[in-house]
Amino acid sequence: MLLPLAILAIMSLLSIVFAVTQGSVSLSPVAVWHALLGQGSGLNQTLVLELRLPRVMAGFATGGLLAVAGALMQILLRNPLADPYVLGISGGASVAALAAILLGIGGVFMSGMAFIGAVLSTLLVFGLSTRLGSTAPMRLLLTGVVIAAGWGALITLMLALAPPHKIPGMLYWLMGDLSYASTPWIAWLVLIPTCMVLMPLGRSLNVLARGPLQAAALGVNVKSLERLVFLLASLLTAIAVTTAGSVGFVGLVIPHMLRMVLGNDQRLILPASALAGGCLVTLADTLARTVIAPEQLPVGVITALLGVPTFLYLLQRGRL
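The text that follows walks through the structure, step by step, so that each part is easy to find. This is a predicted model, so every value here is computed, not measured.

### Section: the overall build of the chain
No. 1: Scanning the chain from N- to C-terminus turns up 14 helices and two strands.
No. 2: Relative to the 2.2 N^0.38 estimate, which gives 20 Å for 320 residues, the radius of gyration of the chain is 20 Å and therefore close to what a compact globule would have.
No. 3: Here the C-alpha coordinates of the chain stretch approximately 65 × 50 × 35 Å along the principal axes.
No. 4: Across the chain, contacts joining residues at least 24 apart in sequence account for 74% of those joining residues at least 6 apart.
No. 5: About 14,800 Å² of surface is accessible on the chain, with carbon and sulfur atoms providing 72% of the total.
No. 6: Looking at the chain, you have 15 positive and 7 negative side-chain charges, and the mean spots of the two groups are 14 Å apart.

Laid out in structure tokens, this is it:
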């Protein structure tokens, strides 16, 4: 079990190093190392320490947050299509975050509002899709799509009523933007403890993925575990949204691709999702800021362009 994680960890480190070296001005790994040590030219130190490294670390944490949130939602709902983006959870977080932007609220308070929006959206999806105490997968997905459409309409209304000087930033943020992600440490302070909490629960999550009745028969406290998974998925989504905006398909595609290769052991899938999701968003953001440099594309556009064909391929192959 450790070998796949070691390989993913090495790939993640290489992706971070590659991302820091690339940009409108390319740097060698040696120059990056010197900048990290406070040596070399002042320009290199500014590029690495103030511009690229915070953005790269924010992108990696965002990818890890979204991938783990997607894996958790798929366990909770026992549905391979479950994802914060598809179910409208990220839409609820986005509406709350945009409201914070309009009100001039930032930092921790913006993250708190996004968390409230994510929880509210999840409660709506669960509540409206539940009938006679059970939730049918297709009913839940359709409810999520409708809720997501409702959040989209509300976002459009907010953009229409927003002051003109705030609209460009809001639009770019909605497409997924890491340009202003200068404080990635909040995302890391959520991602690392969450993974540490989930690792001891791997066996229980494996049982829960087979169904609540089987889990209860094997002594798992199903209600408490489901509440914990629900809150963690909402928190991860909220922090990802406040860090990078709306970045789609990471939580949908990454867990699937890992299950195809590694199996369905959550003790392996969850940490692997954090590493692979972080690697994906890091490389996608590197492509976004270099493909037409010095102009930059939103990272959400790149993940969508990569995620949609991958999702369709998996669907065509009968993997979903």
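### Details of the packing of aromatic side chains
No. 1: Enumeration according to the criterion identifies one aromatic pair in this entry.
No. 2: Each ring, one from Phe60 and one from Trp188, has its centre 5.7 Å from the other, and the planes form 5°; the classification is stacked. Of this pair, Phe60 sits in helix α3 (residues 42–77) while Trp188 is found in helix α8 (residues 185–198), placing the two residues 128 residues apart along the sequence. This pair shows no difference in class: Phe60 is buried, exactly as Trp188 is.

### Some thoughts on the pattern of salt bridges
No. 1: Counting across every chain of the model gives three salt bridges.
No. 2: Here Asp285 makes a salt bridge to Arg55, at a shortest N to O gap of 2.9 Å. One end of the pair, Asp285, is in helix α13 (residues 266–290); the other, Arg55, is in helix α3, and 230 residues separate them in sequence. Neither residue differs from the other here; Asp285 and Arg55 are each classed as buried.
No. 3: Among the ionic pairs, Asp285 bridges to Arg289, the shortest N-O distance being 3.7 Å. Residue Asp285 and its partner Arg289 are both found in helix α13; the two are separated by four residues, about one turn of the helix. Taken as a pair, Asp285 and Arg289 share a single burial class, namely buried.
No. 4: Each of Arg55, Asp285 and Arg289 takes part in salt bridges that share partners, so that together they form one network.

### Some points on the environment of Gly64
No. 1: Relative to the helices and strands, Gly64 is located in helix α3.
No. 2: Sequence separation between Gly64 and Ser273 is 209 residues, and the spatial gap between their C-alpha atoms is 6.6 Å.
No. 3: With sequence-adjacent residues up to four places away left out, Gly64 is seen in contact with Leu191, Ala274, Gly277 and Gly278.

How each quantity is defined
- Residues numbered from 1 in each chain as written.
- Predicted model: local features only at pLDDT ≥ 70, side-chain atom pairs only at ≥ 80, totals over all residues.
- Heavy atoms only, no water.
- Helix = DSSP H or I, 4+ residues; strand = E, 2+ residues; numbered from the N terminus.
- Rg over C-alpha atoms; globule rule 2.2 N^0.38 Å.
- Contact = heavy atoms within 4.5 Å.
- Areas by Shrake-Rupley, 256 points an atom, 1.4 Å probe, with all protein chains shown as cover.
- Lys, Arg positive; Asp, Glu negative; His and termini not counted.
- Charge placed at Lys NZ, Arg CZ, Asp CG, Glu CD.
- Phe/Tyr/Trp six-rings, centres within 6.5 Å; stacked < 30°, edge-to-face > 60°.
- Buried < 20%, exposed > 50% of the residue type's maximum accessible area, 1.4 Å probe, protein only.
- Salt bridge = Lys/Arg side-chain N within 4 Å of Asp/Glu carboxyl O.

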